[in-house]
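One-letter residues, chain by chain:
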Amino acid sequence: GQNIDQPTEMTATEGAIVQINCTYQTSGFNGLFWYQQHAGEAPTFLSYNVLDGLEEKGRFSSFLSRSKGYSYLLLKELQMKDSASYLCAVSPSNDYKLSFGAGTTVTVRA
Amino acid sequence: DSGVTQTPKHLITATGQRVTLRCSPRSGDLSVYWYQQSLDQGLQFLIHYYNGEERAKGNILERFSAQQFPDLHSELNLSSLELGDSALYFCASSARTGGSINEKLFFGSGTQLSVL
């Protein structure tokens, strides 16, 4: 089976930087996704990493280390609208059963 | 708007009943996925259909079934409902042309099921 761990909650101040870590143990690996989910809404795609390294997309960046089974999502210049749950998801094999972590709830305070 | 349509948005029913959740994927998407999200758990993968055929199954109960129709819309049927089935049920779609498996999912707004 798949084991995906991420912190439950994080709090940060508007304008600050927050790093959400995700560790995983899966049977095979075919990529890691980050999704954002506001309360009561659908998850929306943020990033995808399949090779080691950092992918930058505006204020959001995602990093992957396959050898360590580790990823992080970096949110810069935090805004109030960034308050949401951030879901780490791993594609474990060639069979598309995308497995999600429980999510990290980020609260941005003024 | 993701382009994925789910109906109904809310459903309240009693234990032992049967309900059907409906999903229309984005125009042109061949794959439909169903996920269950409850308060104490993350998104749990239920089942995946590609162009009408079942492709992958997760921890889906035997009381639950799904299908994808020729027009690519999908239905998730939940029967003999129990209190614990109360959750948010999401449908997602992707292009999944068959060559690339790591395509991002587009989620519908979900159906909130309450079993009383």
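Residues numbered from 1 in each chain as written. Chains lettered and ligands numbered in written order. Predicted model: local features only at pLDDT ≥ 70, side-chain atom pairs only at ≥ 80, totals over all residues. Heavy atoms only, no water.

The next thing to look at is the interface of chain B and chain A. Between chain B and chain A, the contact holds 20 residues from the first and 20 residues from the second. Both sides together, the interface formed by chain B and chain A hides about 1600 Å², and carbon and sulfur atoms give 58% of it. For the pair chain B and chain A, the interface holds zero salt bridges. Counting across the interface, chain B meets chain A through three residue pairs in polar contact (both at pLDDT 80 or more). Partitioned by chemical class, the residues of the side of chain B that touches chain A number nine nonpolar, six polar and five charged. (Contact = heavy atoms within 4.5 Å. Buried area = accessible area lost by both parts, 1.4 Å probe. Salt bridge = Lys/Arg side-chain N within 4 Å of Asp/Glu carboxyl O. Polar contact = N/O pair within 3.5 Å; in protein donor to acceptor, adjacent residues only side chain to side chain. Nonpolar A, V, L, I, M, F, W, Y, C, P; charged D, E, K, R; others polar.)

A few words on the side chain of serine 38 of chain B. Mapped onto the secondary structure, serine 38 of chain B falls in the loop between strand E4 (31-37) and strand E5 (43-50). Apart from residues no more than four positions distant in its own chain, serine 38 of chain B is found in contact with Ser86 and Ala87 of chain B. (Helix = DSSP H or I, 4+ residues; strand = E, 2+ residues; numbered from the N terminus.)

In terms of backbone geometry, most residues other than glycine have negative phi values and most peptide bonds are trans. Residue proline 8 of chain B follows threonine 7 of chain B across a cis peptide bond; omega there is -10°. Mapping proline 8 of chain B onto the fold places it in the loop between strand E1 (5-7) and strand E2 (10-13). Even without being a glycine, glutamate 77 of chain A presents a positive backbone phi close to 45°. Of note, glutamate 77 of chain A is situated in the loop between strand E8 (70-75) and strand E9 (84-90). Among the residues examined, glutamate 77 of chain A registers a relative accessible area of 54% and is labelled exposed. Positive phi, close to 50°, is recorded for asparagine 51 of chain B, a residue that is not glycine. Within the element layout of this structure, asparagine 51 of chain B appears in the loop between E5 and strand E6 (53-57). The partly exposed category is assigned to asparagine 51 of chain B, whose relative accessible area is 47%. (Buried < 20%, exposed > 50% of the residue type's maximum accessible area, 1.4 Å probe, protein only.)

Time to look at the nonpolar core. In a soluble, globular protein the nonpolar side chains are often hidden away together inside. Counting residues in each nonpolar core, the largest one holds 21 residues, and the members touching the most others are Val19, Leu21, Trp34, Leu76, Leu78, Tyr89 and Leu113 of chain B. Residue assignment for this core shows that the elements contributing at least two residues are strand E3 (19-24), E4, E5, strand E7 (64-68), strand E8 (74-78), strand E9 (87-94) and strand E11 (111-115) of chain B. Beyond its immediate stretch of four places on either side in the chain, leucine 113 of chain B contacts Leu11, Thr13, Val19, Leu78, Leu81, Asp85, Ser86, Ala87 and Tyr89 of chain B. With 20 residues, the next largest nonpolar core counts Cys22, Leu64, Leu78 and Val90 of chain A among its residues. (Core = buried A, V, L, I, M, F, W, Y, C linked by side-chain atoms within 4.5 Å.)

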